[in-house]
Amino acid sequence: MARGWFITLEGGEGAGKSTQARRLAGAFAAAGLPVLATREPGGTPAAERVRALLLDPALAWTPLAETLLHGAARAEHVARVIRPALEAGTHVVCDRFADSTLAYQGYGLGCDLGAIATLAGLIGLAPDLTLVLDLAPAESKRRLAARGAGADRYERLGTAFFARVQDGFRALAAQAPERCLLIPAAEDETRVAGRILDAVRARLGLSL
Ligand code: Z5A
């Protein structure tokens, strides 16, 4: 049985990752291909508990502790959900993965990028394709304000932090062009979805 493809969606808050992950998983399903849509931090009952700790605005974590919590949640998610699905031939679409740790805890909070890469190596799974949705932090804020939900711990971080995160995602995409594609996310939802489908067809050879 052929292994499934592992596709991740990355980018700043409100860039449209959840929307596009849903649409992409829908396109796989419509083509009759087995697909699992999941997210980070989260994706298992234990990792969802870690997510709640990470997003709770009443808690404070040092950057290293925060990195390790994301790593712990990811180790669970990969071992119990993502790797078994891929090995069973199911394609996996994941809303955020290891590039988010590099962008947020590394570029954003100043954690050592080499140490984060070492942690990723221990977990030992890299995406086949990463779609990085690129949106200016000011536009992200506008979208989230329009959505109207309360701010989690990350959404309370300031504009300078989100500018570093955006620069980080751009740098990561430039460093790994064979895996990553930077997608302008200010365009309308259908156009962004079209670019994503084009990338999946061209890079993974799938007929969606
Ligand atoms: N985090 C981390 O620090 N380190 C890590 O390793 C990992 C994560 C894995 C997870 O929170 C937080 O964890 C995240 C980083 C951190 N926090 N931040 N920032 P989350 O999952 O709750 O937050 P998020 O990933 O940023 O998701 P989000 O806020 O829901 O954004 P999104 O998924 O990118 O966007 P969306 O929900 O699809 O769309 C947002 C709104 O915009 C919504 O009303 C849509 O209808 C609208 N939208 C979507 N696309 C468009 C277009 N193209 N045009 C106009 N409007 C649009």
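Scroll up to find the structure.
Note that this is a predicted model, so its numbers are computed, not measured.

## Notes on the overall build of the protein chain
Logical step 1: Of the regular secondary structure elements, the protein chain holds eight helices and five strands.
Logical step 2: When the helices and strands of the protein chain are listed from N to C terminus, the series reads β-α-β-α-α-β-α-α-β-α-α-β-α.
Logical step 3: What you see for the protein chain is a C-alpha radius of gyration of 16 Å, in line with the 17 Å of a compact globule of 208 residues.
Logical step 4: By principal-axis analysis of the C-alpha atoms, the protein chain measures approximately 45 × 35 × 30 Å.
Logical step 5: Evaluated residue by residue, the protein chain yields a buried proportion of 48% over its 208 residues.

## Examining the nonpolar core
Logical step 1: Counting residues in hydrophobic clusters, the biggest one holds 21 residues, and the most contacted among them are A103, Y104, V165 and F169.
Logical step 2: For this core, the secondary structure elements donating two or more residues are α2 (45-55), α3 (63-87), α4 (98-108) and α7 (159-175).
Logical step 3: The biggest single contributor to this core is α7, with six residues.
Logical step 4: Apart from residues lying up to four places away in sequence, A103 is in contact with G108, V165, F169 and L172.
Logical step 5: Ranked by size, the runner-up nonpolar core spans 19 residues in total, among them L24, L131, A185 and I196.

## Focus: the site of the ligand
Logical step 1: Close to the ligand lie 29 residues; K17, S18, T19, R96 and T101 are nearest.
Logical step 2: Contact between the ligand and G14: an oxygen atom at 2.9 Å from a main-chain N or O atom of the residue.
Logical step 3: Interatomic distance of 3.1 Å between a side-chain N/O atom of R74 and an oxygen atom of the ligand.
Logical step 4: Those elements that provide at least two residues to the shell around the ligand are α1 (17-30), α2, α3, α4 and α6 (137-147).
Logical step 5: Counting residues per element, the shell around the ligand draws most heavily on α4, which supplies four residues.
Logical step 6: Along the lines of polarity and charge, the residues of the shell around the ligand split into eight nonpolar, nine polar and twelve charged.

## A word on the environment of E189
Logical step 1: Tracing the chain through its elements places E189 in helix α8 (residues 189-204).
Logical step 2: Separated by 93 residues in sequence, E189 and R96 place their C-alpha atoms 18 Å apart.
Logical step 3: In this structure the side chain of E189 is engaged in a polar contact, spanning 3.0 Å, whose partner is the side chain of R23.

## Focus on the packing of α1 against α8
Logical step 1: Between α1 and α8, whose axes approach to 10 Å, the crossing angle comes to 50 degrees. Classified by the angle their axes make, α1 and α8 are oblique. The handedness of the crossing between α1 and α8 is right-handed. Counted together, T19, Q20, R23, L24, A27 and F28 of α1 and E189, T190, V192, A193, I196, L197 and V200 of α8 form the full contact between these two elements.
Logical step 2: By residue class, the composition of the contact of α1 with α8 is eight nonpolar, three polar and two charged.

## Remarks on helix α5 (residues 113-123)
Logical step 1: Among the residues of α5, those classed as buried are I116, L119 and I123. Around the axis of α5, the buried residues are gathered within 55 degrees of arc, so they sit on the same side. Of the exposed residues in α5, those oriented more than 90 degrees away from the buried face are T118, G121 and L122.
Logical step 2: Where α5 is buried, its residues meet α3 and α4.
Logical step 3: One side-chain oxygen at the N-terminal end of α5 lies 3.3 Å from the backbone nitrogen of G114; it belongs to D112.
Logical step 4: Backbone geometry just after α5 places G124 at a positive phi near 75 degrees.

Criteria and thresholds
- Residues numbered from 1 in each chain as written.
- Predicted model: local features only at pLDDT ≥ 70, side-chain atom pairs only at ≥ 80, totals over all residues.
- Heavy atoms only, no water.
- Helix = DSSP H or I, 4+ residues; strand = E, 2+ residues; numbered from the N terminus.
- Rg over C-alpha atoms; globule rule 2.2 N^0.38 Å.
- Buried < 20%, exposed > 50% of the residue type's maximum accessible area, 1.4 Å probe, protein only.
- Core = buried A, V, L, I, M, F, W, Y, C linked by side-chain atoms within 4.5 Å.
- Contact = heavy atoms within 4.5 Å.
- Near = heavy atom within 4 Å.
- Polar contact = N/O pair within 3.5 Å; in protein donor to acceptor, adjacent residues only side chain to side chain.
- Nonpolar A, V, L, I, M, F, W, Y, C, P; charged D, E, K, R; others polar.
- Axes fitted to C-alpha atoms, helices over the stretch in contact; angles between N-to-C directions.
- Parallel < 35°, antiparallel > 145°, perpendicular 65-115°, else oblique.
- Left-handed = near helix turned anticlockwise from the far one by under 90°.
- Arc of directions from axis to C-beta.

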